[in-house]
Amino acid sequence: MSAARDGGVPPLRQENLHLLADGVGRPSYDRSRIQAGIVHVGVGGFHRSHEAYYTDALMNRSGASAWGICGVGLREADRRIGEILKAQDHLYTLIVKHPQGRIERAVIGSLVDFVLGCHDPGAAIARMAHADTRIVSLTITEGGYNFDPATGDFDFSNVEVRHDLEHPASPRTVFGFLTAALRMRRSRDLPALTIQSCDNIQHNGDLTRRMLLDFAREQDAELARWIEGEARFPNAMVDRITPVTTPEDVADLAAEAGLRDEWPVTCEPFAQWVIEDQFANGRPAWEEVGVHFVADVTPYEKMKIRLLNAGHSVLGWLGAIHGHKTIDGCVADPLFATYLRRFLDVEATPVLDPVEGIDLERYKDELVGRFGNPNIKDSVARICLESSAKLPKFLIPTITENLAQGGSIRFATLVIAAWGYYCAKAVDGQGAPLEFVDAMERELHQAARGTPEDSLSFLRLEAVFGDLVHDHRFATLYSEMIQGLYDNPDIARAMRALLSGER
Ligand code: CS2
């Protein structure tokens with residue numbers, strides 16, 4: 001047995017699995033026989049609660065030994081997860097927290113390797129180009145797709161992209177890695193790949209395809225044509241609320257499971273994955289474990305992004321300014337719960353398309369229940385981070401579509417005003433400092449601090465708002481709201497006023 005660490009609890013690794021407490025799930029399949037048919041870029045909590053979870057479930061059910069996952073990290077920040085996974089034979093524990101308190105724990109075995117691409121680009125390219133690899137999946141965040149928000153084209157001004165064009169064998173961006181791997185596959189006469197995006201962007205596959213082709217064309221037009229003809233980019237809707245793992249989660253798990261996992265993942269019981277069935281070179285039979293394959297994912301992704309992700313941002317920004325720390329804390333506050341539901345009903349739903357087989361009212365009821373799960377302490381800070389990449393996808397389209405059809409915009413507009421207030425001040429309504437994590441932090445701050453002299457200053461940030469500042473109805477309402485917050489930053493008062501129809 002391995003040397004005991006930390007209060008005598010032995011570490012999670014393959015040879016110690018027999019020490020797991022009863023009731024903790026574990027791989028029932030022979031992990032030594034698994035080949036890595038999938039390379040996944042971005043092994044964060046979400047990948048581990050979602051794709052790796054579904055793939056492990058499939059392996060438990062029917063083997064699927066061709067579909068193990070090799071994780072790839074492209075950033076220095078991924079080093080830690082790589083080291084922990086390596087020390088744990090790539091095993092980790094998924095902790096599913098039910099609303100009534102029940103906790104399910106299972107060791108997941110579908111990850112079988114990890115490569116830190118920023119440390120060894122050649123190794124990551126070789127993995128993607130390996131004959132066993134058939135799918136490269138991505139969770140690179142909504143901000144990772146490198147498009148110019150004004151034109152929708154690939155942003156060639158990005159310094160990392162310039163680097164990749166000049167150094168094709170040692171890339172830094174996902175597009176550089178994918179292009180290098182596809183070039184290698186083509187030269188070896190191997191089939192192309194399926195590139196499977198798992199980020200919350202409508203038509204995430206189409207976007208990935210467009211960005212990759214733009215980049216590849218700049219390097220090698222003929223290669224780009226081959227990718228265009230041979231690779232596949234299925235659109236997909238992904239869903240499972242996965243909060244940040246806390247030190248308490250790590251300690252509780254060690255006490256309950258009998259093995260110490262340095263980085264387990266916690267999540268809600270709900271999980272959903274809807275994928276367009278277009279794969280270049282085979283796929284796991286994920287439908288056996290609840291994944292939904294459809295011809296067109298558009299209505300599902302729109303529903304999820306405009307209700308769940310936008311609903312999160314509504315609670316996140318209003319909650320941050322108010323001083324709520326968690327999403328379940330927001331939902332337990334009747335003012336926030338009512339406000340959320342009004343936003344969903346009055347603004348988000350009217351601009352959704354019907355989704356076959358889904359009752360939207362039930363979906364929303366269930367959503368509010370999921371947000372309210374008191375055991376998922378999803379932090380408001382997690383929701384607010386990288387909002388410059390999220391809100392243009394989650395919330396702003398609902399505003400623009402409602403503007404076009406004369407619908408209500410006030411509940412969403414207050415969220416933009418709360419964000420603008422925060423970006424200028426970086427404090428909540430009581431003056432307490434708030435954390436700020438956003439790739440566009442400098443631009444946001446610069447744009448926002450022109451307020452209140454120029455009440456539309458924040459909206460002039462075209463990279464986020466496009467030309468929304470020129471919409472008279474929106475600009476007037478925003479301007480009133482942001483002035484109102486500068487006069488009195490009590491967001492609850494502003495929310496109550498909207499609900500009672502004073503505005
Ligand atoms: C959240 C998502 O990041 C966010 O703002 O809305 O991470 C959300 O929890 C997931 O998409 C749930 O599927």
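Residues numbered from 1 in each chain as written. Predicted model: local features only at pLDDT ≥ 70, side-chain atom pairs only at ≥ 80, totals over all residues. Heavy atoms only, no water.

Draft legend 1. The arrangement of the pattern of salt bridges in detail. Evaluated as defined, the whole model comprises 27 salt bridges. Here E287 and R283 are joined by a salt bridge, their closest N and O atoms 2.7 Å apart. For E287, a relative accessible area of 41% gives the class partly exposed. With a relative accessible area of 21%, R283 lands in the partly exposed category. Between D328 and K377 there is a salt bridge; the shortest N-O distance is 2.8 Å. Here K377 lies in the loop between α13 (360-372) and α14 (380-384) and D328 lies in helix α11 (residues 327-331), a separation of 49 residues in the sequence. Relative accessible area serves as the criterion here: at 8%, D328 is assigned to the buried category. By sharing partners, the salt bridges in this structure join R341, D345, E361, K364 and D365 into a single network. (Salt bridge = Lys/Arg side-chain N within 4 Å of Asp/Glu carboxyl O. Buried < 20%, exposed > 50% of the residue type's maximum accessible area, 1.4 Å probe, protein only. Helix = DSSP H or I, 4+ residues; strand = E, 2+ residues; numbered from the N terminus.)

Draft legend 2. Representation of the pairing of strand β10 (residues 272-276). In terms of residue burial, β10 counts as a mostly covered element, since five of its five residues are buried. The alternating pattern of β10 places Q272, V274 and E276 on one face and W273 and I275 on the opposite face, and all of these are buried. Summarising the sheet, strand β8 (residues 236-239) and β10 pair through four bridges and their orientation is antiparallel. Looking at the pairing, M237 lines up with V274 of β10. Pairing of β10 with strand β11 (residues 292-294), which is carried by three bridges, proceeds in the parallel orientation. Looking at β11, one finds that I275 is bridged to F293. (Pairing = 2+ DSSP bridges.)

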